[in-house]
Amino acid sequence: MENKEELARQLEYIDKLTKVTDELKDQLGHLPKCAVVTFGCQMNARDSEKLSGILLKVGFDLDCDENDADLVIYNTCTVRDNANQKVYGHLGTLKARKKKQPNLKIVLCGCMMQEQSVIETISKDYKFVDLVFGTHNIFKFAELLYNMYEAGSQIIDIWESTDDYVEDLPVNRKYTYKSGVNIMYGCNNFCTYCIVPYVRGRERSRDPKEILREIEKLVADGVVEVMLLGQNVNSYGKGLDTPLTFAQLLQEVEKIDGLKRIRFMTSHPKDLSDELIEVMAKSDKICRHIHLPLQSGSDRILKEMNRRYTKEQYIALAEKIKKAIPDIAITTDIIIGFPGETKEDVDETIDVIKRVGYDNAFTFIYSKRTGTPAASREDQVDEAFAKEQFKRVLDAVHESAGLSNSSLTGMVFDALVEEISDNDPTMVTGRLSNNSMVHFKGGSELIGQIVPVKLESARGFYYIGRMIDNNDN
Ligand code: 5AD
Ligand code: SF4
């Protein structure tokens with residue numbers, strides 16, 4: 001439930017923190033500098049915008065390098081072990097820095113902090129970390145940060161779960177023209193490899209009125225594209241006082257004047273409804289892209305992963321979507337090396353890649369996550385074998401994506417201009433409705449605008465194009 005009292009409390013702490021940063025400024029001789037380092041998914045990116053919003057409001061300078069910062073915040077991810085290892089690596093460097101710069105403050109938050117073993121390690125071996133909190137009490141950030149500056153020793157505050165959220169705190173959006181919007185939190189699916197349900201808690205949908213109000217405010221503030229975020233948006237609305245489906249929510253979002261594009265992430269194939277396909281097909285605003293994690297193409301592995309669909313059901317769903325929305329791009333996630341996986345299982349996955357013809361796929365080597373059912377299996381896959389299979393899958397993905405990523409050459413599409421191109425300051429980078437990227441000549445005045453672009457040539461995962469005016473083609 002949205003908690004207004006808590007909001008008022010946190011606003012008071014924001015005031016108190018402003019005094020802390022004033023004092024820091026006097027001590028340091030400059031605005032205190034803070035670096036927020038984000039690991040992981042779009043949910044974490046959105047959470048970091050919330051942290052940054054408060055930091056900016058209370059007077060931190062966020063425009064700094066991690067190595068120059070007076071306050072370093074790591075918003076962590078734990079979906080695969082390499083994300084955890086990266087954080088420990090960074091902490092090693094920070095420990096040395098803190099010896100030379102004792103006033104340096106270090107904060108850890110995010111999914112990794114919801115793991116008990118991590119908290120035990122940090123409280124025992126990383127005493128130089130000043131503040132640790134988790135995913136459920138992020139709304140208390142102002143209060144926790146204030147307490148950190150007041151306290152002389154490490155503060156650890158981790159909650160098991162929460163029913164509360166506080167939504168109207170300041171947010172510092174990374175982009176002026178697009179924004180993520182949380183529509184639900186947590187996950188109930190318990191895929192047997194996945195740690196997310198343990199660290200993000202049970203599924204909770206936000207009240208649709210609150211979501212619509214937030215989007216209206218974003219649009220008034222210049223946002224033209226929103227990404228509706230949830231671990232499984234297709235099960236949105238269950239448990240609300242007046243249940244509403246995800247497709248119905250989308251129809252309401254579509255009505256918001258001034259909003260040009262709607263994206264969403266992520267869709268679990270088992271819950272994707274015909275109603276959603278119909279709404280997407282009719283919509284002018286919902287983007288022509290769906291991220292539909294496959295994970296595996298083998299029925300046996302899918303069952304052991306607790307995914308609750310079969311290979312053929314998945315392919316039939318992808319075909320149904322393509323038939324209803326022919327210009328849609330489908331992307332996916334694939335795990336290789338799940339316990340007991342054989343070469344034949346991977347053959348099935350490759351078969352799905354070929355038959356669906358993905359526009360892109362994120363491929364991951366299975367990572368054992370303590371506490372998940374798959375982690376206790378004895379038939380963990382040999383690393384060298386997993387790497388070999390990974391390569392086979394990657395080749396299939398490249399072939400499939402290469403085929404679909406050149407298919408639009410010669411056509412004209414609207415692109416939302418996102419930034420100046422990394423490699424050429426005379427070019428800008430735009431995103432098509434189907435999530436493909438196009439680079440074309442243009443300047444920073446185009447950022448945030450939707451303009452027609454002719455795709456002139458395909459270069460692997462992106463296009464080179466030319467902006468046209470409406471009389472030109
Ligand atoms: N090992 C490897 N990949 C994983 N994912 C989730 N858990 C694991 C794991 N234990 C992948 C899934 C998911 C994506 C976000 O991360 O493919 O869709
Ligand atoms: Fe993890 Fe499965 Fe939930 Fe996705 S749907 S977050 S993979 S448990």
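For the structure itself, consult the block above.
Procedures and definitions
- Residues numbered from 1 in each chain as written.
- Chains lettered and ligands numbered in written order.
- Predicted model: local features only at pLDDT ≥ 70, side-chain atom pairs only at ≥ 80, totals over all residues.
- Heavy atoms only, no water.
- Axes fitted to C-alpha atoms, helices over the stretch in contact; angles between N-to-C directions.
- Helix = DSSP H or I, 4+ residues; strand = E, 2+ residues; numbered from the N terminus.
- Left-handed = near helix turned anticlockwise from the far one by under 90°.
- Contact = heavy atoms within 4.5 Å.
- Nonpolar A, V, L, I, M, F, W, Y, C, P; charged D, E, K, R; others polar.
- Core = buried A, V, L, I, M, F, W, Y, C linked by side-chain atoms within 4.5 Å.
- Buried < 20%, exposed > 50% of the residue type's maximum accessible area, 1.4 Å probe, protein only.
- Expected span 1.5 Å × (residues − 1).
- Salt bridge = Lys/Arg side-chain N within 4 Å of Asp/Glu carboxyl O.
- Phe/Tyr/Trp six-rings, centres within 6.5 Å; stacked < 30°, edge-to-face > 60°.

Engineer: What is the right way to read the packing of helix 1 (residues 4-28) against helix 5 (residues 141-150) from this model?
Structural biologist: In a packed pair of helices, the relevant descriptors are the angle between the two axes and the axis-to-axis distance. At a minimum axis distance of 8 Å, the contact between helix 1 and helix 5 shows a crossing angle of 35°. Helix-helix and strand crossings are classified by hand; for helix 1 and helix 5 the assignment is left-handed. Every residue of helix 5 that contacts helix 1 at Glu6, Arg9, Gln10, Tyr13, Ile14, Lys16, Leu17, Val20 and Leu24 is listed here: Phe141, Ala142, Glu143, Leu145, Tyr146, Asn147 and Tyr149. Considering only residue class, the contact of helix 1 with helix 5 consists of 10 nonpolar, two polar and four charged.

Engineer: I'm lost on the nonpolar core in this one. Help?
Structural biologist: The tendency in soluble globular proteins is for nonpolar side chains to be buried as a group. Core analysis: the largest hydrophobic core is formed by 54 residues, its most contacted members being Ile215, Leu228, Phe246 and Phe264. Setting aside residues up to four positions removed in sequence, phenylalanine 264 forms contacts with Met227, Leu228, Val233, Phe246, Leu250, Leu276, Met280, Ile286 and Ile290.

Engineer: In this structure, what is going on with unusual backbone geometry? I would like to understand it.
Structural biologist: Most peptide bonds take the trans form, and the phi angle of most residues other than glycine is negative. With an omega dihedral of 5°, the bond running from methionine 265 to threonine 266 counts as a cis peptide bond. Of note in this structure, glutamine 295 is not a glycine but carries a positive phi near 70°. Relative to the assigned elements, glutamine 295 resides in the loop between strand 11 (289-291) and helix 10 (299-304). One non-glycine residue with positive phi stands out, namely asparagine 435, at about 80°. By secondary structure assignment, the location of asparagine 435 is in the loop between strand 15 (427-432) and strand 16 (437-441). Owing to a relative accessible area of 27%, asparagine 435 belongs among the partly exposed residues under this scheme.

Engineer: How should helix 2 (residues 42-57) be read in this particular structure?
Structural biologist: Side chains of residues three or four places apart in an α-helix project in the same direction, reflecting 3.6 residues per turn. The terminal C-alpha atoms of helix 2 lie 23 Å apart, and with 16 residues this matches the ideal 22 Å at 1.5 Å per residue to within 8%. Of all 16 residues that make up helix 2, 12 are buried, and the element is covered over most of its length. Positive backbone phi, approximately 105°, marks glycine 59, located one or two places after helix 2.

Engineer: Can you walk me through the pattern of salt bridges in this structure?
Structural biologist: Between side chains of opposite charge, a pair can form as their charged atoms come close. Throughout the structure, instances matching the rule amount to 37 salt bridges. Arginine 9 is paired through a salt bridge with glutamate 143; the nearest N and O atoms lie 2.5 Å apart. Residue arginine 9 is located in helix 1, and its partner glutamate 143 is located in helix 5; the two are separated by 134 residues in the primary sequence. For glutamate 143, a relative accessible area of 9% puts it in the buried group. Linked by salt bridges that have partners in common, Lys4, Asp168, Glu210, Arg213 and Lys217 make up one network.

Engineer: Help me understand the packing of aromatic side chains, please; the structure alone is not making it clear to me.
Structural biologist: Any two aromatic rings considered together are summarised by their centre-to-centre distance and by the angle between their planes. Throughout the structure, instances matching the rule amount to 12 aromatic pairs. Seen in terms of ring centroids, phenylalanine 246 and phenylalanine 264 are 5.0 Å apart; in terms of plane orientation they differ by 80°. Their pairing is edge-to-face. Residue phenylalanine 246 is found in helix 8 (residues 246-254), and its partner phenylalanine 264 is found in strand 10 (residues 261-265); the two are separated by 18 residues along the sequence. This pair shows no difference in class: phenylalanine 246 is buried, exactly as phenylalanine 264 is. Members of the aromatic cluster, joined through ring pairs, are Tyr88, Tyr126 and Phe128.

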